[in-house]
Amino acid sequence: MRIGISMRVTEEHDYVEIRDALANDWFEFFESEFPKTELFLIPNNTHQLEIILNTHQFDGFIFSGGNDLNAYPVRDYIEKSILDFCINKNIPCLGVCRGMQIISEYFNQSVVPIQDKNHTATSHEITLVDNKILLVNSYHNMKVELKEEHPFHIIARSLDDTIEAIEDLKKQKS
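Small disclaimer: the values here were computed from a predicted structure and weren't measured.

**Focus on the environment of Glu 148**
Among the structural elements, Glu 148 can be located in the loop between β10 (142-145) and β11 (152-158). Expressed as a C-alpha distance, the spacing of Glu 148 and Gln 109, which sit 39 residues apart in the sequence, is 9.7 Å.

Right under this line is the structure:
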């Protein structure tokens, strides 16, 4: 199985250089849980994206965390282009943290600052729809606010009612 995964943008101030990055935890997780899965890193480069999407067969995409929306317009463009591709080709995708935010924004939902700083650089509990409670790491300072009409099913919330996980209603029913 081949999964494309987006990367955060980092800046190396000593070299005045912009870089793409992905935490090693992703590789460790996939090696442990899905050892036959190939993670394919998607650079934040518009020309390379077109080549990658047109020459590789993907079974899914992950939109990783890191960076606020609109902080690096090229990353926003890359991920929205991948979402277009996934929708047109019926390829599943998963958004983690910022990834959930970009998917929500793509479907015209609101992403707003979190006033409660208990979400930044900490761990907190989330409650899943089956009332199971998990402890998760949290670094986000933005949250998704769903409009009355939205295409999602909320599957996890934090204790302060912040939406932590959603799924597509159409995919859930199929």
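After presenting the structure, the write-up continues.
**Describing the pattern of salt bridges**
In this structure the tally under the stated criterion is 9 salt bridges. Of the charged contacts in the structure, one is a salt bridge between Glu 79 and Arg 75, with a shortest N-O distance of 3.2 Å. Residue Glu 79 and its partner Arg 75 are located together in helix α3 (residues 73-89), separated by 4 residues, close to a single helical turn. For the pair Glu 79 and Arg 75, one class covers both residues: buried. The partner of Arg 157 in a salt bridge is Asp 161, and the shortest N-O contact between them spans 3.4 Å. Residue class for Arg 157 comes out partly exposed when judged on its relative accessible area of 28%. Through salt bridges with shared partners, one network takes in Arg 75, Asp 76, Glu 79 and Arg 98.

**Focus: the sheet that holds strand β6 (residues 93-95)**
Taking strand neighbours across the sheet as the criterion, the 4 strands line up as β4-β1-β5-β6 in an open arrangement whose pairing is parallel. Each edge of the sheet is formed by a strand with only one pairing partner; in this case those strands are β4 (38-42) and β6. For this sheet the average axis-to-axis angle between neighbouring strands, irrespective of direction, equals 20 degrees. Pairing geometry for strand β1 (residues 2-6) and β4, over 5 bridges, is parallel. Bridge pairing in β4 places Gly 4 opposite Phe 40. Contacts between helix α4 (residues 98-106) and the sheet are confined to β5 (60-63) and β6, with β6 contributing the most and set at about 115 degrees to the helix.

**Observations concerning α3**
The end-to-end C-alpha distance of α3 is 24 Å, a good match for the 24 Å that 17 residues give at a rise of 1.5 Å each. Inspection of α3 places Arg 75, Asp 76, Ile 78, Glu 79, Ser 81, Ile 82, Leu 83, Phe 85 and Cys 86 among the buried residues, and these make up the whole buried set. Phi turns positive one or two residues past the end of α3, at Asn 90, with a value near 55 degrees.

**Side note on the sheet that holds strand β8 (residues 122-128)**
Strands belonging to one sheet form pairs held by backbone hydrogen bonds; the direction of such a pair is parallel or antiparallel. Pairing within the open sheet is antiparallel, and its 4 strands lie in the order β9-β8-β11-β12. The sheet is open, and its two edges are formed by β9 (133-138) and β12 (163-168), each paired on a single side. Ignoring which end each strand starts from, the neighbouring axes of this sheet average 35 degrees apart. The sheet strands contacting α4 are β11 and β12, and the helix crosses β12 at an angle near 55 degrees.

**A few points about the nonpolar core**
Counting residues in hydrophobic clusters, the biggest one holds 25 residues, and the most contacted among them are Ile 42, Phe 58, Phe 61 and Ile 82. For this core, the secondary structure elements donating two or more residues are β4, α2 (46-55), β5, α3, α4, β10 and β12. Ignoring any residue separated from it by four or fewer positions in sequence, one finds Ile 82 in contact with Ile 42, Leu 49, Phe 61 and Phe 63. Judged by nonpolar contacts, the second largest core, of 8 residues, contains Ile 3, Leu 22, Trp 26 and Leu 39.

**A few points about the packing of aromatic side chains**
Under the defined criterion, the tally for this structure stands at 8 aromatic pairs. On the numbers, 5.5 Å between centres and 85 degrees between planes, the contact of Phe 40 with Phe 58 is edge-to-face. Of this pair, Phe 40 sits in strand β4 while Phe 58 sits in the loop between α2 and β5; the two residues are 18 residues apart in sequence, bridging distant segments of the chain. Using a relative accessible area of 17% as the deciding quantity, one classes Phe 40 as buried. A relative accessible area of 8% means that Phe 58 is categorised as buried. Relative to Phe 61, the ring of Phe 58 has its centre 4.7 Å away and its plane inclined at 40 degrees; by these criteria the two rings are tilted.

Conventions and cut-offs
Residues numbered from 1 in each chain as written. Predicted model: local features only at pLDDT ≥ 70, side-chain atom pairs only at ≥ 80, totals over all residues. Heavy atoms only, no water. Helix = DSSP H or I, 4+ residues; strand = E, 2+ residues; numbered from the N terminus. Salt bridge = Lys/Arg side-chain N within 4 Å of Asp/Glu carboxyl O. Buried < 20%, exposed > 50% of the residue type's maximum accessible area, 1.4 Å probe, protein only. Pairing = 2+ DSSP bridges. Axes fitted to C-alpha atoms, helices over the stretch in contact; angles between N-to-C directions. Contact = heavy atoms within 4.5 Å. Expected span 1.5 Å × (residues − 1). Core = buried A, V, L, I, M, F, W, Y, C linked by side-chain atoms within 4.5 Å. Phe/Tyr/Trp six-rings, centres within 6.5 Å; stacked < 30°, edge-to-face > 60°.

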